Amino acid sequence: MKILVINSGSSSIKYQLFDTRKPYPLCRGIVERIGTRKSLLTHQKLDKRPLVNNVYAPDHYQAIRHIYDIITNPNLGAIRSLSQIAGIGHRVVHGAEIFTQPTIITNEVFNVIKKFSELAPLHNPPAVLGIDACRKFSKEIPQIAVFDTAFHQTMPQKAYTYGIPYRFYKKYSLRRYGFHGTSHMYVAVKAAKRLKKPLESLKVITCHLGNGCSITAVKHGKSIDTSMGFTPLEGVMMGTRCGDIDAAAVLYLMEKEHLSIKEADDLLNKKSGLLGLSGVSNDMRDVNKKALSGDKRAALAIEVFIYRIIKYIGAYIAAMDGVDAIVLTAGIGENFTPLHQKLKNALKNTLKKFSARILVIPTNEELMIARQAAHVLKNAPFLKAK
Ligand code: ADP
């Protein structure tokens, strides 16, 4: 089954076209700098070198048109016509409490996703544009929304409830949602395969450590707690996000520095984390280089980053009363070897006690979205399989 996966951000749209029998895409690419005069389309067909072209993409609609053109191009594309695509899987960050599963996008579903823009103002609006464009130019192809929050909807109430007056949960749906769900689920499934045991029998802690970082306790195949919260700011420290902080410290800073809500938001989301602490970069490679050259603040930033991960792992071992595997994934999780070594040392006794392993497993959110979209289509009897 051929599935096109669309990940639509504010100024870029990434795409991958899968034949779901294969784990790699037939072609993939990105339209970047949408809305500027310098839009770029980078496209790569399986086993070929990537091609970069200037394109006219003043908006997401035009960007989707370029994607449709190139994937059906006789030389560069991977299909003859769009009619060969069985479905389009869209990455949608926020599904709130409504969407616990990947869902076929009807008019009603589309309007609800639009409504959740309030909960994810940076992420849901561009996803809505991507979906709208696909619906406009290929309304005959079923569209499926795959939500970052869905995997975490199994969290018990005690894990997702904040200690503030309950009426705010009722009034604003203010609670922990968690993100990166597609990635956590993908690597948890892979971990079970590596351990040759059913996921339903395992306690796994998945650490997605990329630009954004989150850690999830996956007990018997279900997310029972996760470090990101109402927004992707909570939890471990990240490239530019502070992670957990005393809420009163934020109020104090706002008062002392005369910060507006927007300025405080920028400070915590865009100027903190590895970047803010090290003063060097949000990229772990740069921070590490600087630390190795003797820079104390860069070294401290890495120490804080790793220590917070260790604390979350400890908390989730307690929450699950045990652990079988700790999975490291995404850019930092997969590649930053000092982290692997430090975790092994810091958790030596714990790993021994539970006979647990640390596994490094590359994530593949696009493949997971394609598979989930295909699964939804196969189980939708009114749609003809292609
Ligand atoms: P995103 O969340 O945007 O998908 P990635 O998963 O690509 O991000 O992760 C980006 C992070 O991974 C950056 O901090 C980058 O420095 C880090 N990273 C990538 N390769 C390495 C490496 N070899 N060593 C250390 N960090 C790395």
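Definitions and limits used
Residues numbered from 1 in each chain as written. Predicted model: local features only at pLDDT ≥ 70, side-chain atom pairs only at ≥ 80, totals over all residues. Heavy atoms only, no water. Helix = DSSP H or I, 4+ residues; strand = E, 2+ residues; numbered from the N terminus. Rg over C-alpha atoms; globule rule 2.2 N^0.38 Å. Buried < 20%, exposed > 50% of the residue type's maximum accessible area, 1.4 Å probe, protein only. Areas by Shrake-Rupley, 256 points an atom, 1.4 Å probe, with all protein chains shown as cover. Lys, Arg positive; Asp, Glu negative; His and termini not counted. Charge placed at Lys NZ, Arg CZ, Asp CG, Glu CD. Disulfide = S-S within 2.5 Å. Near = heavy atom within 4 Å. Polar contact = N/O pair within 3.5 Å; in protein donor to acceptor, adjacent residues only side chain to side chain. Nonpolar A, V, L, I, M, F, W, Y, C, P; charged D, E, K, R; others polar. Core = buried A, V, L, I, M, F, W, Y, C linked by side-chain atoms within 4.5 Å. Pairing = 2+ DSSP bridges. Axes fitted to C-alpha atoms, helices over the stretch in contact; angles between N-to-C directions. Parallel < 35°, antiparallel > 145°, perpendicular 65-115°, else oblique. Contact = heavy atoms within 4.5 Å.

### Notes on the overall build of the chain
Right, on to step 1. The helix and strand tally for the chain stands at 15 helices and 13 strands.
Right, on to step 2. For the chain, the C-alpha radius of gyration of 21 Å lies close to 21 Å, the compact-globule estimate for 386 residues.
Right, on to step 3. Buried residues in the chain amount to 52% of all 386 residues.
Right, on to step 4. Per element, the accessible surface of the chain, about 19300 Å² overall, is 53% carbon and sulfur.
Right, on to step 5. On the chain, the mean spot of the 55 positive side-chain charges and the mean spot of the 30 negative ones are 6 Å from each other.

### A few points about the state of the cysteines
Right, on to step 1. Taken as a whole and assessed by the stated rule, the structure comprises zero disulfides.
Right, on to step 2. C27 carries a free sulfur, and the closest cysteine sulfur to it, the one in C134, is 14 Å from it.

### Section: unusual backbone geometry
Right, on to step 1. Here the phi dihedral of A96 falls at roughly 45°; this positive angle occurs in a residue that is not glycine.
Right, on to step 2. With respect to the helices and strands, A96 occurs in the loop between β6 (87-92) and β7 (103-104).
Right, on to step 3. The exposure class of A96 is buried, given its relative accessible area of 4%.
Right, on to step 4. Although it is not a glycine, H220 adopts a positive phi angle of roughly 50°.
Right, on to step 5. Counting through the fold element by element, H220 comes out in the loop between β10 (213-219) and β11 (222-226).
Right, on to step 6. A relative accessible area of 38% places H220 in the partly exposed class.

### Examining the site of the ligand
Right, on to step 1. Lining the immediate surroundings of the ligand are G210, N211, G212, N282, D283, M284, R285, A330, G331, I332, N335 and F336.
Right, on to step 2. A distance of 2.9 Å separates an oxygen atom of the ligand from a polar atom in the side chain of N211.
Right, on to step 3. Between an oxygen atom of the ligand and a main-chain N or O atom of R285, the distance comes to 3.4 Å.
Right, on to step 4. About the coverage of the ligand: the protein hides 67% of its 580 Å² of free accessible area.
Right, on to step 5. In terms of residue class, the shell around the ligand is made up of four nonpolar, six polar and two charged.

### A closer look at the nonpolar core
Right, on to step 1. Grouped together as the largest cluster of nonpolar side chains are 40 residues, with contacts concentrated most on I205, F305, I309, I313, I326 and L343.
Right, on to step 2. Of all elements in the fold, only β9 (203-209), β10, α10 (284-292), α11 (296-320), β12 (325-329) and α13 (337-346) reach the threshold of two or more residues within this core.
Right, on to step 3. With 12 residues, the top contributor of residues to this core is α11.

### Points about the pairing of strand β1 (residues 2-8)
Right, on to step 1. With six of seven residues buried, β1 is to be regarded as a mostly interior element.
Right, on to step 2. Note that β1 and strand β2 (residues 13-19) share seven bridges and pair antiparallel. Bridge pairing in β2 places I6 opposite Y15.
Right, on to step 3. The antiparallel pairing of β1 with β2 creates a hairpin that spans four residues between the two strands.
Right, on to step 4. Where β1 lies against β6, four bridges are found, and the strand directions are parallel.

### Details of the environment of K342
Right, on to step 1. Along the chain, K342 falls in helix α13.
Right, on to step 2. Given a relative accessible area of 46%, K342 falls into the partly exposed group.
Right, on to step 3. It is 43 Å that separates the C-alpha atoms of K342 and G87, two residues lying 255 residues apart in sequence.

### So, the packing of helix α6 (residues 181-195) against helix α15 (residues 365-378)
Right, on to step 1. As a packed pair, α6 and α15 sit with axes 9 Å apart at the nearest point and diverge in direction by 90°. Here α6 is positioned roughly perpendicular relative to α15, judged by the angle of their axes. Residues T182, S183, M185 and Y186 of α6 lie in contact with α15, whose contacting residues are E365, L367, M368, I369, R371 and Q372.
Right, on to step 2. Here the residues of the contact of α6 with α15 are counted per class, giving five nonpolar, three polar and two charged.

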